[in-house]
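Letter by letter, the chains look like this.
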Amino acid sequence: MKYFQPEIETMPLDQLRALQSERLVKQVRHVYDHVPCYRQRMDEMGLKPEDIRGIEDLHKLPFLSKADLREQYPDGLLAVPKSECVRIHSTSGTTGKRVVAFYTQHDVDLWDNCCARAIVAAGGSCDDVVQVCYGYGLFTGGLGLHGGSHRVGALTLPMSSGNTDRQIQFMMDLGATFLCCTPSYAAYLGESLKERGYAPSDNHLKAGIFGAEPWTEEMRRDIEKNLGIKAYDIYGLTELSGPGVAFECAEQHGMHINEDHFIAEIIDPDTGEVLPEGTKGELVFTSLTKEAFPLLRYRTRDICVLSREKCSCGRTFIRMAKPMGRSDDMLIIRGVNVFPSQIETVLIKLGYPPNYEIEVDRINNSDTLDVRVEFPPEQFDDSLGNIAKKEKELASAMRDMLGIGPKIHLVPPKTIARSEGKAVRVIDKRKLI
Ligand code: ADP
Ligand code: ZN
């Protein structure tokens, strides 16, 4: 099985655009009729639902931001009566107050289909055993991939996050062939298997579907090597349902956005201007089929690039590059823009594990950047000369990558806390002032 829904995933572009237009018109009408704050905004702009006749009119609609969602907490954006909803999820609150999202059964069904598409695109079928170790509960990772796995007919192991010993025992005893979790937890599982004396060939895993946080190509190769699998990226956000908004195919050159359900735009984060395909900017999504929590032109703050280039897998959906991180993950240190993912790239390239902590502070009016990095276990040697030499090497490689030199602190293996969900890598003490 190559596609989960072939007629949709490979739909000719003109038909896909027509489908999007038809759905957009309906979605705008639904929002206008049922979400008072959005109707008020459109009214203030003198915009009526009938002014939106197709995707060419999308740019006329106002944006929605995370701040708007927080303002409407908990149910100001709900577009159906609560009695029609069957579930609530909530963001992880990585960057502030949580946002809650509502789902009707129809919303859950379409979301499950999106995750099923991702599993099938990674080579999954009803013959697979899918170990889901994203957190279950309010976080969308667990129940999202769980629903997708069921939809594919795979044997689903609803492990949730944590309890690494049990994860490994079940992975081995039940012959898991697919692993779904955050990339940082996948890296930790790889490390834990090695510590327990397992070689990558000892497990039955074929592939992993990892997302919910930014990760680099270097980290991908590291995980693939340590677990003996092919690692696929998956992207999503609670506001739009959860994981499965976009997924990787075997080509692994960007993630296909499920365009029958979401329209993507890239905008200049400062001016709001829509940028041409291929330009880096902020990703904005419009949902097309959601009943309970439809969002028009929602600003994700994720920075990435879109490409409509033909993909060898046959899918016609546009692809988004791996987001480098959110605009609010970006650190401005002494006037220089720094993404934690750049630091990760340097570390893994030089053979360090992806366990690190970044601390930014302001001392005497000048920003400081300290990076704590773990020694690779096989290279651990605490002679002072060795540590100083390696710290210098790393600092210089980082200066080349970032344009500013951090202070490196090499610490013994396993001293930095591991994450079972989304990793927290940055401590910005400047914000506390
Ligand atoms: P929160 O905003 O509290 O973290 P979510 O759990 O809904 O709540 O997280 C969604 C965000 O996670 C996305 O906007 C994006 O920044 C990040 N994310 C999700 N998947 C990926 C991925 N594959 N690569 C990079 N970032 C991702
Ligand atoms: Zn493809």
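Residues numbered from 1 in each chain as written. Chains lettered and ligands numbered in written order. Predicted model: local features only at pLDDT ≥ 70, side-chain atom pairs only at ≥ 80, totals over all residues. Heavy atoms only, no water.

(A) Seen up close, the sheet that holds strand S19 (residues 407-411). Within the open sheet, the four strands sit side by side as S19-S18-S17-S20. Their pairing is mixed. A strand with exactly one partner marks an edge of an open sheet, and here the two such strands are S19 and strand S20 (426-428). Here the strands of the sheet are splayed against their neighbours by 20° on average, with no regard to which way each runs. When strand S18 (residues 366-374) meets S19, the two strands line up parallel, connected through five bridges. Following the sheet pairing, Val373 is matched in S19 by Leu410. Helix H10 (residues 340-349) contacts strand S17 (356-363), S18 and S20 of the sheet and is inclined by roughly 130° relative to S17. Along the sheet, helix H11 (residues 384-402) contacts S18 and S19; its crossing angle with S19, the most-contacted strand, is approximately 135°. (Pairing = 2+ DSSP bridges. Helix = DSSP H or I, 4+ residues; strand = E, 2+ residues; numbered from the N terminus. Axes fitted to C-alpha atoms, helices over the stretch in contact; angles between N-to-C directions. Contact = heavy atoms within 4.5 Å.)

(B) Inspection of unusual backbone geometry at higher detail. With an omega of 0°, the peptide bond between Tyr73 and Pro74 qualifies as cis. Along the chain, Pro74 falls in the loop between helix H4 (66-71) and strand S1 (85-90). A positive phi angle is found at Arg297, which is not glycine, with a value near 45°. Positionally, Arg297 belongs in the loop between strand S11 (281-287) and strand S12 (298-304).

(C) Representation of the nonpolar core. Membership of the largest hydrophobic core comes to 50 residues, with the highest contact counts inside it found for Leu61, Tyr235, Ile257, Leu283, Phe285 and Met320. What Met320 contacts, discounting residues up to four positions off in sequence, is Tyr235, Ala246, Gly254, Met255, Ile257, Leu283, Cys304, Val305 and Leu306. (Core = buried A, V, L, I, M, F, W, Y, C linked by side-chain atoms within 4.5 Å. Buried < 20%, exposed > 50% of the residue type's maximum accessible area, 1.4 Å probe, protein only.)

(D) Fine view of the pattern of salt bridges. Following the criterion strictly, the structure yields 29 salt bridges and no others. A salt bridge links Lys429 to Glu359; the nearest nitrogen and oxygen atoms lie 3.2 Å apart. Of this pair, Lys429 sits in the segment after S20 while Glu359 sits in strand S17; the two residues are 70 residues apart in sequence, bridging distant segments of the chain. Relative accessible area serves as the criterion here: at 32%, Lys429 is assigned to the partly exposed category. (Salt bridge = Lys/Arg side-chain N within 4 Å of Asp/Glu carboxyl O.)

(E) Inspection of the environment of Met159 at higher detail. Along the chain, Met159 falls in the loop between strand S4 (155-158) and helix H7 (164-173). C-alpha of Met159 to C-alpha of Gly137: the two residues are 22 residues apart in sequence and 12 Å apart in space. Not counting the four nearest positions on each side in its chain, Met159 is found in contact with Gln131, Val132, Cys133, Tyr136, Arg166, Gln167 and Phe170.

(F) Structural context of the sheet that holds strand S9 (residues 255-257). The sheet built from nine strands is open, its strands ordered S4-S3-S5-S6-S7-S8-S9-S14-S13 with mixed pairing. Pairing within the sheet leaves two strands with one partner each, and these edge strands are S4 and strand S13 (306-307). As paired strands, S9 and strand S14 (residues 319-320) are joined by two bridges and run antiparallel to one another. Its bridge partner being in S14, His256 is matched across the sheet by Arg319. Where helix H6 (residues 140-152) meets the sheet, it contacts strand S3 (129-132), S4, strand S5 (178-181), strand S6 (207-211), strand S7 (230-237) and strand S8 (242-248), and its direction lies at approximately 60° from that of S8.

(G) Broad picture of the coordination of the zinc ion (ligand 2). Those protein atoms acting as donors to the zinc ion (ligand 2) are Cys249 (SG), His256 (NE2), Cys311 (SG) and Cys313 (SG), and they sit at 2.1 to 2.3 Å. Mapped onto the sequence, the residues coordinating the zinc ion (ligand 2) show the spacing C-x6-H-x54-C-x1-C. Here His256 is found in strand S9, whereas its partner Cys311 is found in the loop between S13 and S14, with 55 residues between them in sequence. Assessed through its relative accessible area of 7%, Cys311 is described here as buried. (Donors = N, O, S within 2.8 Å, 3.2 Å for Na, K, Ca; no water.)

(H) Geometry of the domain arrangement of the protein chain. In terms of domain boundaries, the protein chain breaks down into domain 1 (1-324) and domain 2 (331-428). Here the C-alpha centroids of domain 1 and domain 2 sit 30 Å apart. Between domain 1 and domain 2, the contact holds 21 residues from the first and 16 residues from the second. The tally of links between domain 1 and domain 2 comes to three salt bridges. Two residues, Lys414 and Glu195, come together in a salt bridge whose shortest N-O distance is 2.8 Å. Going through the elements one at a time, helix H8 (183-195) and helix H9 (217-227) are the ones with two or more residues in the side of domain 1 that touches domain 2. Per-element accounting of the side of domain 1 that touches domain 2 gives the leading share, six residues, to H8. For the side of domain 1 that touches domain 2, the residue count by class is eight nonpolar, eight polar and five charged. (Domains from an automatic or database assignment. Nonpolar A, V, L, I, M, F, W, Y, C, P; charged D, E, K, R; others polar.)

(I) Highlighting the pairing of S17. By the bridge criterion, eight bridges tie S17 to S18 in an arrangement that is antiparallel. Note that in S18 the partner of Glu357 across the bridge is Arg372. Joining the antiparallel neighbours S17 and S18 is a turn of two residues, in which Asn364 adopts a positive phi near 50°. The sheet contact formed by S17 and S20 spans three bridges and is parallel. Opposite Val360, over in S20, you have Asp428 as the bridge partner.

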